[in-house]
Amino acid sequence: MNIDDIFKIPAIPAGRNKRKMPETPSVDFFDKYKDSSEMAEPSQKRQHMEVEQQQEEEEEQVFEQDDEEGGRFFGGGLTSEQHDILDLVDQYDAEEAETLDASTVKKMILKFEKAINKNQEMRVRYADQPEKFMESEADLDEEIKNLLALTEAPELYTELIQLGTVTSLLSLLSHDNTDIAIDTIDVINELIDEDVGTTEDQLERSEQVQNAIKALVEAMLENEMLQLLVQNLNRLDEKEEADRQGVFKVLGIFESIVSLDPKYAENIALKTEALTWLLNRIQNKSFDANIAYASEILSILLQDSRDIRLKVGELDGVDILLRALSAYRKKDASSEDESEMVENFFNSLCSLLNEPENKDRFLDSEGIELMVIMLKEKTLSRVRAVKVLNYALSGENGRERCMRFVEVSGLKYLFPLFMGKGNKKLKKTHHSAFSESEDEEHITCIILSLLRNLAHGDVQRMRVVLKFTEDDYEKVDRLIEMKDQYEKRDNQVREDLEHAKKTLSEEDYEEFEADFYIRRLDAGLFTLQRVCLLIAALSEESEGVREKAQMLLKRNGQDMLSVFKIIEEETALMADFIHLRNMAKGTNATTETKETE
């Protein structure tokens, strides 16, 4: 039966003596047509009229019959056979929409396993005749995609584990047909996606769903899923659209796994060659969605693990990131997605610089020179270069790095930023990326690192101190201005606490008070403390700086005691914060407090 014939629109009834009109009829044709019509016999005309009347009556009866069933326009004007076909379609859709349960999942898995076995059998039997096993491959592809229905009932993922389906599914990642492997990657990506198990009304997964997804991931990891995924990264050709999408989805799997539990980051980074692939991928000079995603995955993996950061350093990751960033030393990215990629590069570099070993690699790769070049520009790289330099110059054994920074004219470009020059343009062009308070925090930390790491006899240290004596001590003015600014913000937080104590209930006030230190940090307490440390240190170095600072403080009704009071408060506040946080966690704060001190 041909379904096109069933739904074919019937032809319009035509008269017996219908004439065909030429494309460009002449006057003679119309005259001839008129004469022939007048010469027609009356009997022929009557016969023609009777036929037309009979057809009209038949059509009217059909219309009336359809109208009893709902009308042609309301019932669709379909024959009984057409109605039967549509009923079968509706029945099939209803079956497909049936709620999944353990029984239906088992049936689905059985068909899936049969499709795998059939395809393997046909491939072995007709290894040299692809046309013979292509049908089984198409059936297998269909059964793989049918597994996507499981995302509607993630609590049933345990059935996949119990039936041994995880092993069968992962075996397809090594299938000779990359289309089968890509479809398998797609299914895995969808099964563990962050949105699975959530709805518009329920934004968080239930504990049952969370445990089921985690059990599935654990089972996949035990069956070497990560190694198989990395193998696919190396064999997929991104010049092909389908392969390019496959690579993107592999990266999506990595992200979903780490978001499920950060501990899985080390499984990806330390037990596979994923880091090598990621570092190779970000060296591609042309921008696309996959290089952006690769930069994001690299940034995520580097966040919490010293072992991962050290391995990336050993793989020459510091130099690779610096080379990637060098393309943006004097220009901005051309799109929002590309800007996000550049942000990921900077974040990865800052994570690497948490380790002393990588700070040495940063120095050897001339990272300080590149960051100083970036300080000259009014680009996104200028904003992030300040942050990188803060990470690079801080910590113990930083003398060589600090000396290098001064020697390559870093002070020449740092202090105009300290004075706030160019901030208006940065706010206008990079309003979402540029935060003046964050910028001031990094700059004050850099200056403090220079004073801490450079010895009193070093010429480089003298040059730093002399910067604060130039132009009638204008930079000391700036320090006192910043102290006043951040102190007012801190006092406002204190006033808010006092107001909350009078207006809130005891329970709400306790919650408000628990966040008091965090609110002060958000208001700029850390920067205020750095500023006060600078005022105190520079006053010891230079009598002129001390006299200028005292004079400016006196104008504000203060003296040097207000500076020392803020410095002395820092340690006590940090201890209180750690104590409150650990009480919430239910852990002992003593050890952590000592480590922080």
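Counting starts from 1 at the beginning of each chain's written sequence and moves along it residue by residue. Two thresholds apply to this predicted model, a pLDDT of at least 70 for residue-level local features and 80 or more for giving and counting side-chain atom pairs, whereas whole-chain, interface and lining totals are computed over all residues. To obtain the side-chain values, all non-hydrogen atoms of the structure were included, while hydrogens and water were left out.

- Looking at an unreviewed UniProt entry, one finds the chain named Beta-catenin-like protein 1 N-terminal domain-containing protein and attributed to Rhizopus azygosporus.

1. What to know about the overall build of the chain
- Counting its secondary structure elements, the chain contains 34 helices and zero strands.
- It only takes one pair of heavy atoms within 4.5 Å for two residues to be counted as in contact. Considering only contacts within the chain whose residues lie at least 6 apart along the sequence, 73% involve residues at least 24 apart.
- When the accessible surface of the chain is split by element, carbon and sulfur atoms take 47% of a total near 34,300 Å². The helix and strand labels rest on DSSP assignments: H or I over at least four residues marks a helix, E over at least two residues marks a strand, and numbering proceeds from the N terminus. Values of accessible area rely on a 1.4 Å probe in the Shrake-Rupley scheme; residue burial ignores everything except the protein chains shown.

2. Structural notes on unusual backbone geometry
- With phi around 65°, Glu224 is a residue other than glycine that occupies positive phi space.
- Within the secondary structure layout, Glu224 lies in the loop between helix H11 (207-222) and helix H12 (225-235).
- Backbone geometry at Glu366 places phi at a positive 60°, although glycine is not the residue there.
- On the secondary structure map, Glu366 appears in the loop between helix H20 (356-364) and helix H21 (367-375).

3. As for H11
- When the terminal C-alpha atoms of H11 are compared, their 22 Å separation across 16 residues agrees well with the 22 Å that a helix rising 1.5 Å per residue should span.
- Three labels apply to residues, based on accessible area from a 1.4 Å probe with only protein chains included: buried if under 20% of the type maximum, exposed if over 50%, partly exposed otherwise in between. Buried within H11 are the following residues: Val209, Ala212, Ile213, Leu216, Val217, Ala219, Met220 and Leu221.
- At its buried positions, H11 is contacted by helix H8 (157-162), helix H9 (165-171), helix H10 (178-191), H12, helix H13 (241-260) and helix H14 (264-270).
- Remark: Glu224 follows H11 within two positions and exhibits a positive phi of approximately 65°. By this rule, a helix spans an expected 1.5 Å times one less than how many residues it contains.

4. A closer look at the UniProt feature "coiled-coil region" (unreviewed entry) in the chain
- Taken from the UniProt record, the annotation "coiled-coil region" (unreviewed entry) applies to residues 476-503.
- As annotated, residues 476-503 comprises 100% helix and 0% strand, and the C-alpha atoms at either end are separated by 41 Å. UniProt positions are given in the numbering used here, feature names are shortened, and annotations may be inferred rather than shown by experiment.

5. Quick look at the side chain of Arg478
- Here Arg478 is to be found in helix H28 (residues 470-503).
- The class of Arg478 is buried, set by a relative accessible area of 8%.
- Ignoring anything within four residues of it in the chain, the contact list for Arg478 reads Phe418, Met419 and Glu440.

6. What to know about the environment of Tyr413
- Within the secondary structure layout, Tyr413 lies in helix H24 (residues 410-418).
- Tyr413 sits 41 residues away from Val372 along the chain, and the two C-alpha atoms are 7.3 Å apart.

7. Focus on the nonpolar core
- Only buried residues count toward a nonpolar core, which is a set of Ala, Val, Leu, Ile, Met, Phe, Trp, Tyr and Cys residues joined through side-chain atoms within 4.5 Å. Core analysis: the biggest nonpolar cluster contains 145 residues, and Met225, Phe254, Leu349, Phe362, Met371, Phe405 and Leu450 have the highest contact counts within it.
- In terms of residues, this core owes the most to one element, helix H31 (residues 525-541), which gives nine residues.
- Annotation comment: domain bounds sourced from an automatic or database domain assignment. Shared between two domains, this core takes at least three residues from each, and those domains are domain 1 (101-261) and domain 2 (484-585).
- Counting residues in each nonpolar core, the second largest holds seven residues, with Val493, Leu497, Tyr509 and Ala523 among its members.

8. Concerning a positive patch on the surface
- Grouping into patches uses exposed residues only, defined as over 30% relative accessible area, and leaves out salt-bridged ones; the cut-off is 9 Å for like charges and 5 Å for nonpolar side chains (Val, Leu, Ile, Met, Phe, Trp, Tyr). One side-chain nitrogen of Lys or Arg within 4 Å of one carboxyl oxygen of Asp or Glu is enough to make a salt bridge. Positive charge is attributed to Lys and Arg, negative charge to Asp and Glu, and no charge count is given to His or to the chain ends. The atom standing in for a charge is NZ when the residue is Lys, CZ when it is Arg, CG when it is Asp and CD when it is Glu. Among the surface-exposed residues, Arg329, Lys330, Lys376 and Lys412 lie close enough to one another that they form a single positively charged patch.
- Checked against the element boundaries, Lys376 lands in the loop between H21 and helix H22 (380-393).
- Note on Lys376: relative accessible area 40%, which makes it partly exposed.

9. Concerning the environment of Leu310
- One can find Leu310 in helix H17 (residues 306-314).
- A residue is classified by how much of its surface remains accessible, and Leu310, at 17% relative accessible area, is buried.
- Distance from Leu310 to Leu353, taken between C-alpha atoms, is 10.0 Å for residues 43 residues apart in sequence.
- With near-sequence residues (within four places) excluded, Leu310 lies in contact with Glu355, Glu357 and Asn358.

10. Section: the pattern of salt bridges
- Under the definition given, this model contains 32 salt bridges.
- The shortest N-O distance in the salt bridge between Glu218 and Lys263 comes to 3.9 Å. Of this pair, Glu218 sits in helix H11 while Lys263 sits in the loop between H13 and H14, and the two are 45 residues apart along the sequence.
- On the basis of relative accessibility, which here comes to 48%, the residue Lys263 falls in the partly exposed class.

11. Concerning the environment of Leu251
- Among the structural elements, Leu251 can be located in helix H13.
- The buried category is assigned to Leu251, whose relative accessible area is 0%.
- Residues Leu251 and Ile297 lie 46 residues apart in sequence; the distance between their C-alpha atoms is 7.1 Å.
- Not counting chain neighbours up to four residues away, the residues in contact with Leu251 comprise Trp277, Leu278, Asn290, Tyr293, Ala294 and Ile297.

12. Describing the packing of H24 against helix H26 (residues 436-453)
- Lines fitted to C-alpha atoms define the axes here, with helix axes fitted over just the stretch in contact, and angles between the N-to-C directions of these axes take values from 0 to 180 degrees. One can describe the packing of H24 onto H26 by two numbers: an axis separation of 10 Å at closest approach and a directional angle of 135°. With respect to H26, the element H24 is oriented oblique. For the element pair H24 and H26, the recorded crossing hand is left-handed. Across the interface between the two elements, Leu411, Leu414, Phe415, Leu417 and Phe418 from H24 touch Ile443, Thr444, Ile446, Ile447 and Leu450 from H26. In this scheme, roughly parallel covers angles under 35 degrees and roughly antiparallel covers those over 145, while 65 to 115 is roughly perpendicular and the rest are oblique. By definition, any crossing whose near helix is turned counterclockwise from its far helix by less than a right angle is left-handed, and any crossing with a clockwise turn is right-handed.

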